Protein chains: 2
Amino acid sequence: MRVNGSGNNFGLQSANRTRPKTADASGKGTVKKSFANRFSVFAKAGGDAYLLGTQPKTRSLTENPLYHIIDSDEGPVWESTEGFTVDIKNPKKASKLHGMKTYIAYQITPSNTGIQVSRRYKHFDWLYERLSTKFVTIVVPPLPDKQVTGRYEESFIEKRMDQLKRWLDRMTTHAVVGRCDVFMHFLTCTDEKEWKRGKRDAEKDDFLGAAFFNVISVPNTPLDIAVVERQHENFHKFVKSMDASMAQICQVIHDHGKKHIGPFKREYQKIGKAFTELAGSFELDTRPRINDIDAPTEGSQQLTDAIKFTGRTYDEIGELFAAQPKNDNYRLEDFLREYTGMLSCFPDMINFHKHTISTVRECQKQREEQKMEFDEAESIKGRADVVSYTMMAEINHFQRQRVYDYKMMMKDYLVEQIKFYESVTEKLRIALGQYENVNV
Amino acid sequence: MRVNGSGNNFGLQSANRTRPKTADASGKGTVKKSFANRFSVFAKAGGDAYLLGTQPKTRSLTENPLYHIIDSDEGPVWESTEGFTVDIKNPKKASKLHGMKTYIAYQITPSNTGIQVSRRYKHFDWLYERLSTKFVTIVVPPLPDKQVTGRYEESFIEKRMDQLKRWLDRMTTHAVVGRCDVFMHFLTCTDEKEWKRGKRDAEKDDFLGAAFFNVISVPNTPLDIAVVERQHENFHKFVKSMDASMAQICQVIHDHGKKHIGPFKREYQKIGKAFTELAGSFELDTRPRINDIDAPTEGSQQLTDAIKFTGRTYDEIGELFAAQPKNDNYRLEDFLREYTGMLSCFPDMINFHKHTISTVRECQKQREEQKMEFDEAESIKGRADVVSYTMMAEINHFQRQRVYDYKMMMKDYLVEQIKFYESVTEKLRIALGQYENVNV
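Residues numbered from 1 in each chain as written. Chains lettered and ligands numbered in written order. Predicted model: local features only at pLDDT ≥ 70, side-chain atom pairs only at ≥ 80, totals over all residues. Heavy atoms only, no water.

**Focus: the overall build of chain A**
Defined as follows: Each helix is a run of H or I in the DSSP string that is no shorter than four residues. Each strand is a run of E no shorter than two, and both are numbered from the N terminus. Only protein chains enter the accessibility calculation, which uses a 1.4 Å probe; a residue whose area is less than 20% of its type maximum is buried, one above 50% is exposed, and one in between is partly exposed. A contact between two residues is defined here by any heavy atoms of the two lying within 4.5 Å. Note on areas: Shrake-Rupley, 1.4 Å probe, and residue coverage restricted to the protein chains presented here.
When helices and strands are counted, chain A shows 12 helices and eight strands. Here chain A, with 440 residues, has 51% of them falling under the buried criterion. Residue pairs in contact within chain A that sit at least 24 positions apart in sequence constitute 79% of those at least 6 positions apart. Carbon and sulfur atoms form 49% of the exposed surface of chain A, whose accessible area is close to 19,800 Å².

Listed below in structure tokens is the structure:
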């Protein structure tokens, strides 16, 4: 199972960048803090330069748009592309520096190439870094947190792999991210030299941040800035509200899972023990006869056995309680945490868009005061519309995914809950059956 | 509903006698304490005088036996008698001394007379006092405790009436107690003068305590004292063990009921609230259109509704949890407490029988040392056998009842538990159904 991974890090540093944390079980949301404290992503990503048209011209900027937003029945959306899936499996513990350093390598196979590549967590981390720098108004959810201790335990590795798969799935189903060069490089490159070249290319990408808007085509219709503002406010409210609800439900579902494993299990096992001990007392039943002592009657022994069975039943129900969270609560929790991660991308996006809207409003004002030429203002408004259209496409994409994903998840949760209570009922029914044959 | 009950107390004092408490939710048993601290019931009930044949002869003692113990397939038992049942209903709040004193009067109708009588708690208490004085080796379970506060609340009155009915049922199904004069007097007397006469008669009963053994006939076979001793020890062990198990199970079942009403209800309602609030956030969904804002899609609204429904479902499941103990835990608890009360009678009975056995052993010794005549020793042994036969009949009666009652109670408990988990499952199934129609 070991792979000699010497030199296998493709020249990457270990992942140690700070990224927005997903909401944790402390029940605090992430969005509010992000809005308040974050250094304006707008300035950092070159929003001003893009909107005002002062970006340095590069060769690439003259090329045709690569990505298209089209209008649809459900509003502006990314033009859909051929989808593909990824398979991730066989996490292997590998080492380098003659065993001084060990790590886990995941084997990834995209359905569109069928060729397996081997990637470490730090490769994912590098990819995340590139994608989140490149796409300022596209949801690039954070990776699962880097684990410091216990990261070679089998259960952890399985769970981590599952989280990475969810993350990859989220990326591959996105019409833009799933097609971009750096992502394809990550999914397909098998050669170390090629990897380094691709890595260098990605790191000097001309279409990072606001520059990326240059390669997007949008519908011709100019947007009404007042409507854009209202859309913006509505979505902002939605995100804040959803973030708060998610923090709460994560907490409740997490706690409920813990109760299943601890106090609920103990509670039912206490009942089981009480019945078992009662049966133990009933076992001492003897019937006095004339000059003789008789064992318990058949009926008495049958009752004792039935009560013992009932005791075991409640004990087993306790075990069912403890085994249940992995089927429902923890799965729901993982799902909710993934969405919390996705939500954590919106504050930056909303922030960027807010600055875009302000810039348009400022231009309008200057235009009204005749401090700005009509053409210049129109050209700024045109570029701002690209940002707004991107936001619209992202919001529509997110909401569509949300409805689909929550429908599936809620069904899954309820199905598992039903199965659970059915198992409890079935156990009790079998216990009840033990009393049918007690002769009295 | 009020009855003028002036003079209706038939000359009785209020019940305020101390009686052995039933095991309470503190989880402590009653039997051990009773064995250790109680003044010997043997001396008090005239055990010595009876065994040694030094009782004062009364007219009554020359009469024929009234009660018969016969041998059966299941050992010595009381000869069975025509059974009857009692109906108890219409508890009426009545008053006397021009409304200065109020009390509850229960209307009791025995099936063998069909004539209704009206009785207060203190009449029951007087009856209990007479029966427990009269029958030293027969189980006369304590009455439900006298309540000081809240005793006119409807729920309390209903519960008290139910407990009194159980107590009466326990008495009527006993071949001796159900036929004795004082009990029949209690169940049938409707006239105040008659009541007072019956009360006086009962209080100067010649067959109280050990004297009662004079009116019992037993099988001719003399008992083997060594076997009697072993039977005695076995039953003593059984009672101690059952008492301890009962204290534990009462506690566990009581606590479980309280958890249903408190923390379990809150737990499920917390989940309900979390889903409801999530649905509240999802309600804020709006889809950005070109120069327009659209309401959530049909699918989005359907999902929101389904999640709201799920929230209500968990809230209702919380209510189901809170409503459940009255169907199972509290019923089981009442049943267990009744048995704890019955068990509390055994220490005195065992104590009495233990002294009887010692007396026989002492006579044997004196006989061997030729300090006692053969005839005298035989005559003492004959009387001791009546006590032992009575114990045997009582033990066999108790064990037979126990098997029957616990079978019924356990079935009842499990049936209710099954119904409960089925209701939960059914609610979840309906909630699941809400997702079928969510268009994605």
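**Digging into the interface of chain A and chain B**
The condition that has to hold: Buried area: the accessible surface (1.4 Å probe) lost by two parts on joining, summed over both. Any Lys or Arg side-chain nitrogen located within 4 Å of an Asp or Glu carboxyl oxygen qualifies as a salt bridge. Each polar contact in these results corresponds to two N or O atoms within 3.5 Å; when the atoms are within protein, one needs to be able to donate a hydrogen and the other to accept it, and residues that are neighboring in sequence are counted only if both atoms are side-chain atoms. When residue character is reported, Ala, Val, Leu, Ile, Met, Phe, Trp, Tyr, Cys and Pro are called nonpolar, Asp, Glu, Lys and Arg charged, and the others, Gly included, polar.
Across the contact, 86 residues belong to chain A and 87 residues belong to chain B. The largest per-residue losses of area from chain A upon contact with chain B belong to Pro288(A), Ile290(A) and Tyr421(A), which jointly make up 8% of the total buried on that side. Here chain A and chain B share eight salt bridges between them. A salt bridge links Glu422(A) to Arg429(B); its shortest N-O distance comes to 2.3 Å. For the pair chain A and chain B, the interface holds 36 residue pairs in polar contact (both at pLDDT 80 or more). Of all elements in the fold, only helix H8 (225-282), strand S7 (287-289), strand S8 (292-294), helix H9 (298-323) and helix H12 (374-433) of chain A reach the threshold of two or more residues within the side of chain A that touches chain B. Its residues placed into classes, the side of chain A that touches chain B shows 44 nonpolar, 20 polar and 22 charged.

**So, helix H5 (residues 154-172) of chain B**
Structural remark: α-helix, 3.6 residues per turn; residues separated by three or four positions point the same way. Residues and elements named next belong to chain B. Operational definition: Working rule for helices: expected span equals 1.5 Å times residues minus one.
Compared with an ideal rise of 1.5 Å per residue, which puts 19 residues at 27 Å, H5 spans 27 Å between its outermost C-alpha atoms and is within 8% of the ideal. Buried within H5 are the following residues: Phe 156, Ile 157, Arg 160, Met 161, Leu 164, Trp 167, Leu 168, Arg 170, Met 171 and Thr 172. Buried residues along H5 sit against strand S4 (86-96), strand S5 (101-110), helix H4 (121-134), helix H6 (181-188), helix H10 (329-343) and helix H12 (374-436).

**Here's the deal with the nonpolar core**
Note the threshold: In these notes, a set of buried Ala, Val, Leu, Ile, Met, Phe, Trp, Tyr and Cys residues joined through side-chain atoms within 4.5 Å is what counts as a nonpolar core.
Core analysis: the biggest nonpolar cluster contains 104 residues, and Tyr406(A) and Tyr406(B) have the highest contact counts within it. Once residues lying within four places of it in the same chain are set aside, the contact partners of Tyr406(A) are Met242(A), Met246(A), Phe335(A), Leu336(A), Tyr339(A), Leu278(B), Phe282(B) and Leu303(B).

**Quick notes on a negative patch on the surface**
Residue and element names in this part refer to chain A. Here is the rule we go by: Patches here are clusters of residues that have more than 30% relative accessible area and form no salt bridge, with a 9 Å joining cutoff for like charges and a 5 Å cutoff for nonpolar side chains (Val, Leu, Ile, Met, Phe, Trp, Tyr). The sign given to each residue is positive for Lys and Arg and negative for Asp and Glu; His and the chain ends receive no count. Where a charge sits is defined by one atom per residue type, namely NZ (Lys), CZ (Arg), CG (Asp) or CD (Glu).
A grouping of Glu 373, Asp 375, Glu 376 and Glu 378 is seen on the molecular surface, where their side chains present a negatively charged patch. Tracing the backbone through its elements, the reader meets Glu 373 in the loop between helix H11 (346-368) and H12. Overall, Glu 373 belongs to the exposed group, its relative accessible area being 60%.

**Topic: helix H6 (residues 181-188) of chain A**
Those residues of H6(A) not exposed but buried are Val182(A), Phe183(A), His185(A), Phe186(A) and Leu187(A). Those residues of H6(A) hidden inside the fold are in contact with strand S3 (86-96), strand S4 (101-110), strand S5 (117-120), helix H4 (121-134), helix H5 (154-172) and helix H7 (192-203) of chain A.

**So, the pairing of S3(A)**
Residues and elements named next belong to chain A. Put simply, the rule is: Between any two strands, at least two bridges found by DSSP are needed for them to pair.
Sheet topology note: the S3/S4 ladder contains nine bridges and is antiparallel. The residue of S4 that forms the bridge with Ala 94 is Tyr 103. Between S3 and S4, which pair antiparallel and follow one another directly, the connecting turn spans four residues, one of which, Leu 97, has a positive phi of 50°.

**A word on the relation of the copies chain A and chain B**
Operational definition: Fitting of the copies onto one another was done by least squares over C-alpha atoms, counting residues only where both copies have pLDDT of at least 70.
Of the transformation superimposing chain A on chain B, the axial component is 0.0 Å and the angular component is 180°, with the fit at an RMSD of 0.1 Å. Overall, the copies show the geometry of a two-fold rotation axis. Identified as the residue of chain A closest to the rotation axis by C-alpha distance is Tyr421(A), at 3.1 Å. A share of 100% of interface residues in chain A that are also interface residues in chain B marks the association as one of identical surfaces.

**A word on the environment of Leu143(B)**
Looking at the element boundaries, Leu143(B) is found in the loop between H4 and H5. Among the residues examined, Leu143(B) registers a relative accessible area of 3% and is labelled buried.

**Looking at the environment of Cys345(A)**
All names here are of chain A. Position of Cys 345 relative to the elements: it lies in the loop between helix H10 (329-343) and H11. Residue Cys 345 is classed as buried on the basis of its relative accessible area of 12%. For Cys 345 and Pro 142, which are 203 residues apart along the polypeptide, the C-alpha to C-alpha distance reads 8.1 Å. In contact with Cys 345, other than residues within four places in its own chain, are Val 139, Val 140, Pro 141 and Pro 142.

**Remarks on unusual backbone geometry**
Not every positive phi belongs to a glycine, and Asn90(A) is a case in point at roughly 45°. Note that Asn90(A) resides in strand S3. Asn90(A) gets classed as partly exposed once you look at its relative accessible area, which sits at 42%. One non-glycine residue, Gln370(B), adopts positive backbone phi at about 60°. Owing to a relative accessible area of 69%, Gln370(B) belongs among the exposed residues under this scheme.

**A closer look at the sheet that holds strand S3 (residues 77-78) of chain B**
All names here are of chain B. Read from one edge to the other, the open sheet built from three strands follows the order S3-S2-S7, with strand pairing classed as mixed. The outermost strands of the open sheet, each flanked by one partner alone, are S3 and strand S7 (216-217). Here two bridges tie strand S2 (residues 67-70) to S7, and the two strands are oriented parallel to one another. In the strand pairing of S7, His 68 is matched with Ser 217.

**What about the pattern of salt bridges?**
All names here are of chain B. Taken as a whole and judged by the stated rule, the model has 56 salt bridges over all chains. In this structure, Glu 194 engages Arg 197 in a salt bridge whose closest nitrogen and oxygen atoms are separated by 2.5 Å. Of this pair, Glu 194 and Arg 197 both sit in helix H7 (residues 192-203), three residues apart, roughly one helical turn. Overall, Glu 194 belongs to the partly exposed group, its relative accessible area being 37%. Overall, the relative accessible area of 40% leaves Arg 197 in the partly exposed class.

**A few points about the confidence of the model for chain A**
All names here are of chain A. Counted only if it meets this: Every residue is assigned a pLDDT by the predictor, reflecting its confidence on a scale from 0 to 100.
Averaged over all residues, the pLDDT of chain A is 88; the fraction at 70 or higher stands at 88%. Every residue in residues 1-28 scores below 50 in pLDDT, and together they form 77 contacts with partners more than four places removed in sequence or on other chains. Low pLDDT (under 50) marks residues 30-38, which in the prediction has 18 contacts with non-local residues, meaning those over four places away or in another chain.

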